[in-house]
Amino acid sequence: MDMFIMGLCFTFFCLAITAAAFAAATRPRASQAAAQPELRAIEATPTRFFADRAKPPLPTPIAVPIEVLLQQIENHVRLEQAAAESFVAYPSHALLHSKTTSPFVN
Amino acid sequence: MVYTLLQGLSPAETDEVLALGSRIAVPSGGSLFRLGESADRLFLIERGRIRLSFPMLVRNKEEEVFFQEMAPGETVGWSAMVPPYRFTLSATAPLETELIALSPETFLAFFDRAPEVGRKISLNLAILVGQRLQLVQAMWMREMQRVVELKSGQRAEAH
């Protein structure tokens, strides 16, 4: 009789351990999921071997006063006129295609 | 004073031509003529300066943009001798300026009386017009070259 009761207790004990182990294995891991860092989506940009880095933003043109702008245009016209006069005096391909020194277009 | 339009004329001939005109004064900042107006006179600059300009849209506003500055002895307003007899630029005086104004009718009547003087002046006028044409042509070609370089990216590749 004693042996039967001991066997019964041992069976219940094993059954309880198995049930506890099963419950632990199938419990949702909410806390672990919350701790995961959020993955950022990778932008689908076309990769180029010569320019992988993002382009720097273009500088915003500074709005100069209209008088200054007109003076810049006048200086440009004067410089271009001088270059054209040099070409007319001694016409050559080099003088015609010489790069302008005017800062207005450089 | 040596006037480009009267080069090659004797002093007596020069005086005779100048006597056909009338002296006018334009105050500093004053207008001599405006683009589109009827060109009824041409002018020889006696003293001061004449600034030629044309209208350009700058920041959506029409502004007079510098084209050329003329000095004493030079001629302005030769549109009076060339059809359709309308000024193609505007002219102002950046400082007090004196000019001799000549009407084309008086000029041409004088040419009939003195054809040899008329021939010399016509040749000088052709030189003035030709020089302007060459200058503007050279400026236009340089500008076109720049536009082509800009559009084809040649300038970018060079750097």
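Residues numbered from 1 in each chain as written. Chains lettered and ligands numbered in written order. Predicted model: local features only at pLDDT ≥ 70, side-chain atom pairs only at ≥ 80, totals over all residues.

Right, let's talk about the nonpolar core for a bit. Residue and element names in this part refer to chain B. One finds Phe-43, Leu-44, Ile-45, Ile-50 and Val-76 to be the most contacted residues of the largest nonpolar core, which totals 26 residues. Only strand 2 (31–33), strand 3 (42–47), strand 4 (50–58) and strand 8 (97–102) provide two or more residues apiece to this core. Broken down by element, the residue count for this core peaks at four residues, all from strand 3. In this structure Val-76 touches Phe-43, Ile-45, Ile-50, Leu-52, Met-70 and Ala-91, once residues within four positions along its chain are discounted. (Core = buried A, V, L, I, M, F, W, Y, C linked by C-beta atoms within 7 Å. Buried ≥ 20, exposed ≤ 12 C-beta atoms within 10 Å, placed from the backbone. Helix = DSSP H or I, 4+ residues; strand = E, 2+ residues; numbered from the N terminus. Contact = placed C-beta atoms within 7 Å.)

The next point concerns helix 3 (residues 115–152) of chain B. Here helix 3 of chain B spans 54 Å end to end across 38 residues, near enough to the 56 Å set by a 1.5 Å rise per residue. For helix 3 of chain B, the full list of buried residues reads B:Ile121, B:Ala138 and B:Arg142. (Expected span 1.5 Å × (residues − 1).)

To continue, consider the interface of chain A and chain B. One frequently used descriptor of interface size is the decrease in accessible area upon assembly of the parts. In this assembly, 16 residues from chain A lie in contact with 15 residues from chain B. Sorting the residues of the side of chain A that touches chain B by element identifies helix 3 (66–89) and helix 4 (93–97) of chain A as the ones contributing at least two each. It is helix 3 of chain A that provides the largest number of residues to the side of chain A that touches chain B, a total of 13 residues. Partitioning the side of chain A that touches chain B into residue classes produces eleven nonpolar, two polar and three charged. (Nonpolar A, V, L, I, M, F, W, Y, C, P; charged D, E, K, R; others polar.)

A few words on the sheet that holds strand 4 of chain B. Spatially, the four strands line up as an open sheet ordered 2-7-4-5 (chain B), and their pairing is antiparallel. The open sheet has two free edges, formed respectively by strand 2 and strand 5 (61–70) of chain B, since each of these has just one partner strand. Each strand of the sheet is rotated relative to its neighbour by a mean of 40°, with strand direction disregarded. In terms of strand pairing, strand 4 of chain B meets strand 5 of chain B through nine bridges, oriented antiparallel. When the sheet's bridge partners are listed, B:Val58 is paired in strand 5 of chain B with B:Lys61. Strands strand 4 and strand 5 of chain B of the sheet are contacted by helix 3 of chain A, whose axis makes an angle of about 35° with strand 5 of chain B. (Pairing = 2+ DSSP bridges. Axes fitted to C-alpha atoms, helices over the stretch in contact; angles between N-to-C directions.)

Another aspect to go through is the sheet that holds strand 1 (residues 22–26) of chain B. All names here are of chain B. Across the sheet, which stays open at both edges, the four strands sit in the order 1-8-3-6 with antiparallel pairing between neighbours. Each edge of the open sheet carries a strand with a single partner, namely strand 1 and strand 6 (75–76). Two strands pair when backbone bridges link them, and strand 1 and strand 8 are joined in this way by five bridges, in the antiparallel orientation. By the bridge assignment, Arg-23 is partnered in strand 8 with Ile-100.

Moving on, we get to the confidence of the model for chain B. Here chain B shows a mean pLDDT of 94. Residues at 70 or above account for 96%. Per the prediction output, this complex has pTM 0.71; the corresponding ipTM is 0.80. (pLDDT = per-residue confidence, 0-100.)

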